[in-house]
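# Per-entry structural report
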Amino acid sequence: MSKIVSIAKEQIEKIIYDAANSAIADGVFAPTELGAFKIETPSNREHGDYAVNAAMVWSKAFRNAPRKIAEELTARFDFSNSYIKSCEIAGPGFINFFLGDKYYADIVSDVVSSGEEYGRSDFGQGKKVLLEFVSANPTGPMHIGNARGGALGDCLASVMDAAGYYVEREFYINDAGNQINKFGLSLDLRYLQLYKEGIEMPEDSYHGADIIAHAEAFSKLYGDKYVNETEEVRRKALVEFALPKNIEALRYDLQKYRIEYNTWFKESSLHNSGETAKIIDLLKQSGHTYTKEDALWFKGSDFDSEDFVLVRSNGVPTYVVPDIAYHYNKLVTRGFDKAIDVLGADHHGYVPRLKAALTALGVDATKLDVLLMQMVRLVKDGEVIKASKRSGKAITLVTLLDEVPIDAARFFFNLREPNSHFDFDLDLAVEESNKNPVYYVQYACARICSIMRNLEGEGVTRRTCSENELALLTAPEERELILHIAALTDEIIASAKAYDPAKMTHYAVELATKFHKFYNACRVKGEAEGLLQARLNLCFATVTVIKNVLSMLKINAPESM
RNA sequence: GCCCACAUAGUUCAACGGAUAGAAUAAGGUCCUCCUAAGACUUAGAUGCAGGUUCGAUUCCUACUGUGGGUGCCA
């Protein structure tokens, strides 16, 4: 929490508790346990800088009407040596606090002196968090859902970092299992099609153009050398040829999208190290498995989940086993305090299974949080486009980024909370990308830089202001702006707590709005020296906050537009 | 059938259980002799339906309706 904000809130808290205890000591109210109350920032500024609901919360305990309690409390308030100027009782029993000039002045100086550090806190106490997101199948290009997951996961990582967690980003590569088999099959058939007639692609194979391109490239390199090899040898060669290329492409495309991972974790490494096999043993030892029709089942019903197959009757483990091993690796082997997975809503059914299995292994399953994001639907000309990977018709991340600026895409995908359905309007994104609120925020940044450039041209540069000078910032627009700046740290913490980076884009838009209003109401250039410097410092504080927020979102903060 | 999410202005989204439900966009009307009009100001417009919990519900609970997703020895 920003130093100044937290100091002010602690003062308010103390004043209220002191007053309540004093009222109890005087015998006005019966002694009772004083429960927690809230200090909130009212949406309507006429309701003060901070509003407290203590009188309402304590209404029952004190056996009195909220307003009556508020009167008793406020009569005992002592504001000396605090930021608080005055208070009043309002509405159903709110106590609204108004803060003095020094509060506003201190916030501006705090931001100016903290710079890039402003907004950061130690809320997360350095807890180790592993954030896994995108983890697209390496069997083909990424689709639009991955674009949302990428923007969401990456920004959430930045937000949690700012909130004081130790965060690592990770990409899980599904380079084993059935998907890869299907990949091998598809490549194989496309390769054979180059040399033989009458080979059909089965329904459940990958039909994308990328598969054909791989087969052709392979053929260019090796010719028909593999046509008469066994199916097994041929598919292995094709997969070994194409898979690394796909993984490299994923890495390249995500980097272009400004996402860098700490770790690219291969599923195959879990098989090679014997971790998958070990998990099956451990689950057997836990006593929560049974055999039915030659398959090994997990008794999810022991953990409020459903029974499911671990090892098929043909001896091949299902996808859940490596997933359990992977999360065991995250939480036990590597010792992360928290594992967060960003997944599409189509995975929600599998989360209880994973948690049940982890519980059976003695792992605290609450350490795993799954952030489900709802599907992205593509809308074009007012109609929903059915995206299907199999048909190869899905809009890829690469196509999207060719058409939409990266700043706009990252901002756009973080505009809604993960849990809401998302209609991605292609026409809006492509043709009218200027409608994207990211430009509104960036414009505020450019305007501020322009003010500073103009002043610099006249030989005026920003200097540190005295408290009295900063106290000149009394216009409503200035006060609004300062209060919003003050709220940054709390907003970052709220965003981290809720796993919702959309709070940060909303904050940024709101900040830009308050700045634009200030810009229209107050001038900087041409004002008297003291006021000019105070406003210049306010501008600098604003641009500092904009930059800090945009850098969390990895969006450019342009000096001119 | 069962499980999970979602439902707020014409449209896309906000609102730690709080005061007069906020923006944006679309529609109408203003403002550049003034630091960038990619801006500001202004006029209209919304909590799916029915109950419950309490000082107080868009928010929590139940039923209903509608939408999306899941419900494989696919991943």
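Residues numbered from 1 in each chain as written. Chains lettered and ligands numbered in written order. Predicted model: local features only at pLDDT ≥ 70, side-chain atom pairs only at ≥ 80, totals over all residues.

## Some words on the packing of helix H6 (residues 144–162) against helix H20 (residues 488–497)
To be explicit about the condition: Note on geometry: axes are C-alpha line fits, over the in-contact stretch for helices, and angles between N-to-C directions span 0 to 180 degrees. By definition, any uninterrupted DSSP run of H or I lasting at least four residues is a helix, any uninterrupted run of E lasting at least two residues is a strand, and each is numbered from the N terminus. To sort the angles, those under 35 degrees are grouped as roughly parallel, those over 145 as roughly antiparallel, those from 65 to 115 as roughly perpendicular, and the leftovers as oblique. Here a crossing is called left-handed whenever its near helix is offset anticlockwise from the far helix by less than a right angle, and right-handed whenever the offset is clockwise. A pair of residues counts as a contact when their C-beta atoms, built from backbone coordinates, are separated by no more than 7 Å. Just so you know the grouping, Ala, Val, Leu, Ile, Met, Phe, Trp, Tyr, Cys and Pro go in nonpolar, Asp, Glu, Lys and Arg go in charged, and all remaining residues, Gly too, go in polar.
Between H6 and H20, whose axes approach to 9 Å, the crossing angle comes to 125°. Between H6 and H20, the interaxial angle falls into the category oblique. The interaxial crossing formed by H6 with H20 has left-handed handedness. Contacts between H6 and H20 involve Val159, Met160 and Ala162 on the former and, on the latter, Ile492, Ser495 and Ala496. Considering only residue class, the contact of H6 with H20 consists of five nonpolar, one polar and no charged.

## Notes on unusual backbone geometry
Phi is positive for Ser135, which is not a glycine, with a value near 40°. Structurally, the position occupied by Ser135 is in the loop between strand S5 (128–132) and H6. The phi torsion at Asp294 lies on the positive side, around 70°, for a residue other than glycine. Within the secondary structure, Asp294 is located in the loop between strand S8 (289–292) and strand S9 (295–298).

## Concerning the domain arrangement of chain A
What counts is decided by this rule: Segment limits for the domains were obtained from an automatic or database-derived domain assignment.
Domains assigned within chain A are domain 1 (3–99), domain 2 (105–123 + 436–553) and domain 3 (178–256). Once you take the C-alpha centre of each, domain 2 and domain 3 turn out to be 54 Å apart.

## Observations regarding the protein's contact with RNA strand B
For the record, the criterion: Nearness between a residue and a molecule or strand is assessed with a C-beta atom placed from the backbone; a distance within 6 Å qualifies.
Within the structure, RNA strand B sits among 66 residues, and Lys38, Ala51, Gly91, Gly349 and Ser450 are positioned closest to it. Tallying contributions element by element places helix H17 (residues 437–457) first for the surface near RNA strand B, with eight residues. Class assignment for the residues of the surface near RNA strand B results in 25 nonpolar, 27 polar and 14 charged.

## Points about the sheet that holds S9
Our working definition: A pair of strands is labelled paired if DSSP reports no fewer than 2 bridges between them.
An order of S8-S9-S10 is seen for the three strands of this open sheet, with the pairing classed as antiparallel. Single-partner strands in this sheet number two, and they are S8 and strand S10 (308–311). In this sheet, adjacent strand axes meet at a mean angle of 45° when their direction is disregarded. Where S9 and S10 come together, three bridges link them in antiparallel fashion. Within the sheet, the bridge partner assigned to Leu296 lies in S10 and is Val311.

## What to know about the nonpolar core
Heads up, the rule is: A set of buried residues qualifies as a nonpolar core if it consists of Ala, Val, Leu, Ile, Met, Phe, Trp, Tyr and Cys joined through C-beta atoms within 7 Å. Exposure is read from a count of other C-beta atoms within 10 Å of each residue's own; the residue is exposed at 12 or fewer, buried at 20 or more and partly exposed in between. C-beta atoms are placed from the backbone.
In terms of nonpolar packing, the biggest core is built from 134 residues, with Val159 and Ile546 touching the most fellow members. Considering each element in turn, this core owes the most residues, 12 residues, to helix H22 (residues 529–553). Shared between two domains, this core takes at least three residues from each, and those domains are domain 1 (3–99) and domain 2 (105–123 + 436–553). Those residues in contact with Ile546 that sit more than four places away from it in its chain are Val441, Ala444, Cys445, Ala508, Leu511 and Ala557. In terms of nonpolar packing, the next biggest core, distinct from the first, is built from 11 residues, Leu187, Ala215, Phe218 and Val239 among them.

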